[in-house]
Amino acid sequence: DTAVSQTPKYLVTQMGNDKSIKCEQNLGHDTMYWYKQDSKKFLKIMFSYNNKELIINETVPNRFSPKSPDKAHLNLHINSLELGDSAVYFCASSQVAGGEGYTFGSGTRLTVV
Amino acid sequence: GESVGLHLPTLSVQEGDNSIINCAYSNSASDYFIWYKQESGKGPQFIIDIRSNMDKRQGQRVTVLLNKTVKHLSLQIAATQPGDSAVYFCAEKEDYKYIFGTGTRLKVLA
């Protein structure tokens, strides 16, 4: 049973489109995160939700809108996709906010053409 | 501060030798650090952690060293195996999030 699962695993789309990535965790954790990993493998935090409440928003363009319907789910919607949005997006969760160690999903590779 | 994305450094090690991966962190107030391993096509996985009140912690085949004076972490892997091939990241805790280092690719040579 996958602890943190993301869908889809791969996403290829054209510039200007709107797309969503979904994340679910079955660990009973309170906090979930979205990280972006670029082509140089650099991992940068984008958002974090604790019990459905946004607690971290790291200077991300407002084309990116996270939504957490409940503490087990954190989705990421991206409007008007740009070439620079191409990256691998990782969802993660932790027991509490900033808890000791994240559990990461396996990533969603987004390619904007 | 945050790490800047640079060219991913690579460490090539002969199978059976010891590996040492280094990391510089940015925030002298950080009190907790983690090393992660990321295999191809997968998300990062927790390897070992260390608190700032320690300077060394050992796990199974792995040891983390912390030098707060120069804000430096290292991960030592004993008797490196092919399955150790991956990208390794250090991460420092800052408030409710972790700041990841640039990463080092470890290649294990047969």
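If you're wondering where the values come from, they're calculated on a predicted model, not measured in any experiment. (Residues numbered from 1 in each chain as written. Chains lettered and ligands numbered in written order. Predicted model: local features only at pLDDT ≥ 70, side-chain atom pairs only at ≥ 80, totals over all residues. Heavy atoms only, no water.)

(A) Region of the structure containing the overall build of chain B. Across its full length, chain B carries zero helices and 10 strands. Counted from the first residue to the last, chain B has its helices and strands arranged as β-β-β-β-β-β-β-β-β-β. For chain B, the C-alpha atoms occupy an extent of roughly 40 × 25 × 20 Å along the three principal directions. Counting the 110 residues in chain B, one finds 44% classified as buried. Summing over all exposed atoms, chain B offers an accessible surface of approximately 5600 Å²; the carbon and sulfur share of this is 46%. For chain B, the centre of its 12 positive side-chain charges and the centre of its 11 negative side-chain charges are spaced 2 Å apart. (Helix = DSSP H or I, 4+ residues; strand = E, 2+ residues; numbered from the N terminus. Buried < 20%, exposed > 50% of the residue type's maximum accessible area, 1.4 Å probe, protein only. Areas by Shrake-Rupley, 256 points an atom, 1.4 Å probe, with all protein chains shown as cover. Lys, Arg positive; Asp, Glu negative; His and termini not counted. Charge placed at Lys NZ, Arg CZ, Asp CG, Glu CD.)

(B) Structural view of unusual backbone geometry. Residues and elements named next belong to chain A. P8 follows T7 through a cis peptide bond whose omega is -5°. Assignment of secondary structure puts P8 in the loop between β1 (4-7) and β2 (10-13). Positive phi outside glycine occurs at K52, with the angle close to 75°. Within the secondary structure layout, K52 lies in the loop between β5 (43-50) and β6 (53-57). Of the residues examined, K52 reaches a relative accessible area of 47% and is grouped as partly exposed.

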